[in-house]
2 protein chains.
Amino acid sequence: MTGTDLLQRLASGDRRALARAITLVESGRADHRAEAEALLDALPPKPDTLRIGLSGTPGVGKSTFIETFGLMLTGLGHKVAVLAVDPSSSRSGGSILGDKTRMERLARDPNAYIRPSPAQTQLGGVARRTREAMVLCEAAGFDIVLVETVGVGQSETEVAWMTDLFLLLLAPAGGDELQGVKRGIMEIADLVLVNKADGDLAAQATRTCADYAGALRLLRRRPQDPDGFPKAMTVSALESTGVAEAWEQIRTLSGWRREAGILEGRRAEQARHWFEEEVRRALLSRLDREPAKGLMRQLAERVGAGDLSPAGAASDLLDALLGNRPG
Amino acid sequence: MTGTDLLQRLASGDRRALARAITLVESGRADHRAEAEALLDALPPKPDTLRIGLSGTPGVGKSTFIETFGLMLTGLGHKVAVLAVDPSSSRSGGSILGDKTRMERLARDPNAYIRPSPAQTQLGGVARRTREAMVLCEAAGFDIVLVETVGVGQSETEVAWMTDLFLLLLAPAGGDELQGVKRGIMEIADLVLVNKADGDLAAQATRTCADYAGALRLLRRRPQDPDGFPKAMTVSALESTGVAEAWEQIRTLSGWRREAGILEGRRAEQARHWFEEEVRRALLSRLDREPAKGLMRQLAERVGAGDLSPAGAASDLLDALLGNRPG
């Protein structure tokens, strides 16, 4: 299939073309990469889609939530793509979403598309390829993209850099054994959803929600957002309660940001960010090849031991690699 | 003065030699830079010093706190250096600490050394040079270094990457108008100090402290730290109350980390981090020169407008600069 064929079939919503295009962006082969870039450059912008980031550690009921939420959205007439950024999925093809049976009903829904996290092959590679897969899904007619992360390393930040708003899913926690929310994550959440607000855990979920609402008030809010955001709410993905209300809040916030031009401006900023990241990544990938790599490892050891200063060692490395002092 | 002279005079605690050495590390001249790196490489490690990061927005009483705290430490026999990372101090020579009259008594103390923030000349430059100035102060016999930041941009993170522990200074805040703590900062604080716990503000300071203590409990604590950290306390820099108690907590935490080998390991990790930063900085500085710079700006605009994909634009840039695909 030629590039133009692929583009046309993608635009017509052909799922096989979408799968083929995502395989291209995930490939490590240079010819695939060139084909992928030509395809991405040819895609028209899709400003009316909604990109939602979602984080939550294992055990909070993320799959159940995504299934309930996703089915509600397709029921409302949306086409929903679910992607993942999981830097821990090294070779297996993705530890999260690897098994579509995790969200069996959503996986069978013709208006939903679920794609596991690409495998980690190099630093920053997972998020980059997920971002590109997201753009391909939008080109194929999916108007809502959910990007899930388990929160390993910098993955939330990277997901925040590719989405319009960010949800944090938590489980109820009791008294002093409050769950350890990862450093930095509270700062990027637009909506904190305390899941499992059902049965025996309902009261505890309400208390946990109040605790987080209090903590959110201590953080500086985004000056352009409407009052009350970031917000904490309880949901039960199992009993489908609170999920419609969460969607209402998402619509309020995204609608506000869209009307104010914030969403568009943010996407443009994100695109520039990824461009700069791509440039950095390509340049720095030179450090990851011999002879730079071996030399860098040796020098880092001497620096760690206090034997050389960081700046002196850096000069030594660049002198050896480039033959001059690039300042 | 030759490099060896300077090294010897520095080691003997000569303040003029220290000032001269710091001027060298802050200089943009290539010959000064080479001299600075030779000097830094020749300095012996000082594992017994304590490096304390301190952040707080203007108005929380940071100068008063540093003066009270610094004088207490010199009174206990310590030699205290106060440095700053303020990326906003572009040309003036530092908006914070620029005027030593801000801490008049400490500035006159023979066992204290105050140095304003170096001016910002390039991205990441301020923190790098402050870190080097810190090492020089230690070489000159200062056993406690306080690195202050006003919290512009990434400055707290950078200060956390050069210190053994981190203090966040806050002012009492009332009810709903709780102060907007910058995103990310709560995450790196080891000790939150609510200042101005005196006079009319005493009760409010206690309530603010309780709020932050609650918020800190929601964050994941560093597994290697003793119970109760990160911790929130009230202090009054004006009335010198709580300051000795804060020092006691700092000693407990740093002593614990030192005995467990965490402090040493963290410094080695930090040195490796700065080495990698130096290498990146030097490599990326090539992007900041023509022809890369102009081309990058043009491409970023097209990417922001949705005209080119981030990856495609990055390939174009590197092809133009390097003539091949370094992917």
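The model shown is predicted, which means the values in this text are computed figures rather than measured ones. (Residues numbered from 1 in each chain as written. Chains lettered and ligands numbered in written order. Predicted model: local features only at pLDDT ≥ 70, side-chain atom pairs only at ≥ 80, totals over all residues. Heavy atoms only, no water.)

### Here's the deal with the overall build of chain A
For clarity, the threshold we go by: The helix and strand labels rest on DSSP assignments: H or I over at least four residues marks a helix, E over at least two residues marks a strand, and numbering proceeds from the N terminus. The rule is simple: take the accessible area with a 1.4 Å probe, protein chains only, and divide by the maximum for that residue type; under 20% is buried, over 50% is exposed, in between is partly exposed. In this analysis, two residues are considered to be in contact whenever any of their non-hydrogen atoms come within 4.5 Å of each other. Accessible surface is estimated by sampling points in the Shrake-Rupley manner with a 1.4 Å probe; for residues, cover comes only from the protein chains shown.
A tally of regular secondary structure across chain A gives 13 helices and seven strands. Counting across all 327 residues of chain A, residues that qualify as buried make up 55%. Residue pairs at least 24 apart in sequence account for 72% of intrachain contacts in chain A once pairs closer than 6 positions are excluded. Here chain A has roughly 13,800 Å² of accessible surface; of this, 51% comes from carbon and sulfur atoms.

### Notes on the packing of helix H12 (residues 292-304) of chain A against helix H11 (residues 262-284) of chain B
Just so we agree on the cut-off: Fitted lines through C-alpha atoms serve as axes, helices being fitted only where they are in contact, and the angles separating the N-to-C directions of these axes extend from 0 to 180 degrees. Oblique is the label for any angle not covered by the other classes, which are roughly parallel (under 35 degrees), roughly antiparallel (over 145) and roughly perpendicular (65 to 115). Note on convention: near helix rotated counterclockwise from far helix by under a right angle means a left-handed crossing. Clockwise means right-handed.
Closest axis-to-axis distance for the H12(A)/H11(B) pair is 8 Å, and the angle between their directions is 135°. With respect to H11(B), the axis of H12(A) lies oblique. With respect to the hand of their crossing, H12(A) and H11(B) are arranged in right-handed fashion. Here Met296(A), Leu299(A), Ala300(A), Val303(A) and Gly304(A) of H12(A) come into contact with H11(B), specifically with Ala268(B), Ala271(B), Arg272(B), Phe275(B), Glu276(B) and Val279(B).

### Some details on the pattern of salt bridges
Pairing of side chains with opposite charge becomes possible as their charged atoms draw close. Applied cut-off: Only one rule defines a salt bridge in this text: a Lys or Arg side-chain nitrogen within 4 Å of an Asp or Glu carboxyl oxygen.
Counted according to the given criterion, the structure contains 28 salt bridges over all chains. As a salt-bridge pair, Asp225(A) and Arg257(A) come within 2.7 Å of each other at their nearest N and O atoms. Of this pair, Asp225(A) sits in the loop between helix H9 (202-218) and strand E7 (231-234) while Arg257(A) sits in helix H10 (residues 243-259), and the two are 32 residues apart along the sequence. Arg257(A) shares its class with Asp225(A); the two are buried. In this structure, Glu132(B) engages Arg33(B) in a salt bridge whose closest nitrogen and oxygen atoms are separated by 2.8 Å.

### Focus: the interface of chain A and chain B
Note the cut-off: When two parts are put together, the accessible area they lose, computed with a 1.4 Å probe and summed over both, is reported as buried area. Charged residues are taken to be Asp, Glu, Lys and Arg, nonpolar residues to be Ala, Val, Leu, Ile, Met, Phe, Trp, Tyr, Cys and Pro, and polar residues to be all remaining types, Gly included.
Counting residues at the interface gives 65 residues for chain A and 65 residues for chain B. In this assembly, chain A packs against chain B so that about 5,600 Å² is buried in total across both faces, 62% of it on carbon and sulfur atoms. Our enumeration of links across chain A and chain B arrives at zero salt bridges. Elements with a minimum of two residues in the side of chain A that touches chain B: helix H3 (30-42), helix H6 (125-139), helix H8 (185-188), H9, helix H11 (262-284), H12 and helix H13 (310-322) of chain A. Counting residues per element, the side of chain A that touches chain B draws most heavily on H11(A), at 13 residues. Of the residues belonging to the side of chain A that touches chain B, the class tally is 32 nonpolar, eleven polar and 22 charged.

### Points about the sheet that holds strand E4 (residues 144-149) of chain A
Residues and elements named next belong to chain A. Test applied: Between any two strands, at least two bridges found by DSSP are needed for them to pair.
Spatial strand order, E3-E2-E4-E1-E5-E6-E7: seven strands in an open sheet with parallel pairing. Across the chains shown, the open sheet's two edge strands, defined by having one partner strand only, are strand E3 (112-114) and E7. Taken over all neighbouring pairs, the strand axes of this sheet differ in orientation by 20° on average, direction set aside. As paired strands, strand E6 (residues 191-194) and E7 are joined by four bridges and run parallel to one another. Residue pairing in the sheet places Val 194 in a bridge with Thr 234 of E7. The strands touched by H6 are strand E1 (50-55), strand E2 (80-85), E3 and E4; relative to E2, the strand with the most contacts, the crossing angle is about 175°. Against the sheet, H9 engages strand E5 (165-170), E6 and E7, with an angle of about 175° to E7.

### Things to note about the relation of the copies chain A and chain B
Selection criterion: To superpose the copies, least squares is applied to the C-alpha atoms of every residue with a pLDDT of at least 70 in both.
Take chain A, turn it by 180°, move it 0.0 Å along the axis, and it overlays chain B with an RMSD of 0.0 Å. Such values leave the two copies arranged in the relation of a two-fold axis. In this assembly the copies share their binding face: 100% of the residues contributing to the interface of chain A also contribute to that of chain B.

### Describing helix H10 (residues 243-259) of chain B
Residue and element names in this part refer to chain B. Applicable threshold: A helix is expected to span 1.5 Å for every residue after the first. Picture the helix axis, draw a direction to every C-beta atom, and the arc is the one those directions span.
Compared with an ideal rise of 1.5 Å per residue, which puts 17 residues at 24 Å, H10 spans 24 Å between its outermost C-alpha atoms and is within 8% of the ideal. Listed in full, the buried residues belonging to H10 are Val 243, Ala 246, Trp 247, Gln 249, Ile 250, Leu 253, Ser 254 and Arg 257. For H10, the angular spread of buried residues about the axis comes to 160°, placing them on one side. Looking at the residues trailing H10, positive phi occurs at Gly 261, about 80°.

### Describing unusual backbone geometry
Cis geometry is adopted by the peptide bond preceding Pro230(A), which originates at Phe229(A) and carries an omega value of -5°. Tracing the sequence through the fold places Pro230(A) in the loop between H9 and E7. For Lys196(A), which is not a glycine, the phi torsion comes out positive at approximately 70°. Among the secondary structure elements, Lys196(A) is positioned in the loop between E6 and H9. One non-glycine residue, Ser240(B), lies in positive phi territory at about 60°. Assignment of secondary structure puts Ser240(B) in the loop between strand E7 (231-234) and H10.

### Regarding the confidence of the model for chain A
All names here are of chain A. Defined as follows: As a per-residue measure, pLDDT tells how confident the predictor is, with possible values from 0 to 100.
The pLDDT averaged across chain A works out to 86; a share of 88% of its residues lies at or above 70. Across residues 91-95, confidence stays below pLDDT 50; counting only partners more than four residues off in sequence or on other chains, it has seven contacts. The complex model carries a pTM of 0.69, and its ipTM stands at 0.74.

### A look at the side chain of Ser117(A)
We apply this condition: Counting of polar contacts relies on pairs of N or O atoms within 3.5 Å, with two restrictions inside protein: one atom must be capable of donating a hydrogen and the other of accepting it, and residues adjacent in sequence are counted only when both atoms are side-chain atoms.
Within the secondary structure, Ser117(A) sits in the loop between E3 and H6. Here Asp86(A) takes part through its backbone nitrogen, which lies 3.0 Å from a polar atom of the side chain of Ser117(A).

### Describing the environment of Asp227(B)
Positionally, Asp227(B) belongs in the loop between helix H9 (202-218) and E7. Sequence-wise, Asp227(B) and Leu253(B) are 26 residues apart; in three dimensions their C-alpha atoms are separated by 9.9 Å.

### Things to note about the sheet that holds strand E6 (residues 191-194) of chain B
Residues and elements named next belong to chain B. Overall, parallel pairing links the seven strands, which are arranged E3-E2-E4-E1-E5-E6-E7 in an open sheet. Each of the sheet's edge strands pairs with one partner strand only, and the pair in question is strand E3 (112-114) and E7. Ignoring strand direction, the axes of neighbouring strands in this sheet form an average angle of 20°. Bridging between strand E2 (residues 80-85) and E3 involves three bridges; their strand directions are parallel.

### Describing the packing of aromatic side chains
In this description, a pair of aromatic rings is defined by centroid distance and the angle of the planes. Residues and elements named next belong to chain A. Which entries qualify depends on this criterion: Centre distance within 6.5 Å is the pairing criterion for rings of Phe, Tyr and Trp, where only the six-membered ring of Trp is used; planes under 30 degrees apart are then read as stacked, over 60 as edge-to-face, and the remainder as tilted.
Considering all chains together, one arrives at six aromatic pairs over all chains under this definition. Between Tyr 113 and Phe 142 the ring centres are 6.0 Å apart and the planes differ by 45°, which places this aromatic pair in the tilted class. Of this pair, Tyr 113 sits in strand E3 while Phe 142 is found in the loop between H6 and E4, placing the two residues 29 residues apart along the sequence. Like Phe 142, Tyr 113 is buried.

### Section: the environment of Ala34(A)
Residues and elements named next belong to chain A. Along the chain, Ala 34 falls in helix H3. Residue class for Ala 34 comes out partly exposed when judged on its relative accessible area of 34%. Distance from Ala 34 to Leu 24, taken between C-alpha atoms, is 9.1 Å for residues ten residues apart in sequence.

### Observations regarding the side chain of Arg33(A)
Positionally, Arg33(A) belongs in helix H3. According to the relative accessible area criterion, Arg33(A) is buried, its value standing at 10%. Filtering out sequence-adjacent residues up to four positions away, Arg33(A) remains in contact with Val25(A), Arg128(A), Glu132(A) and Ala311(B).

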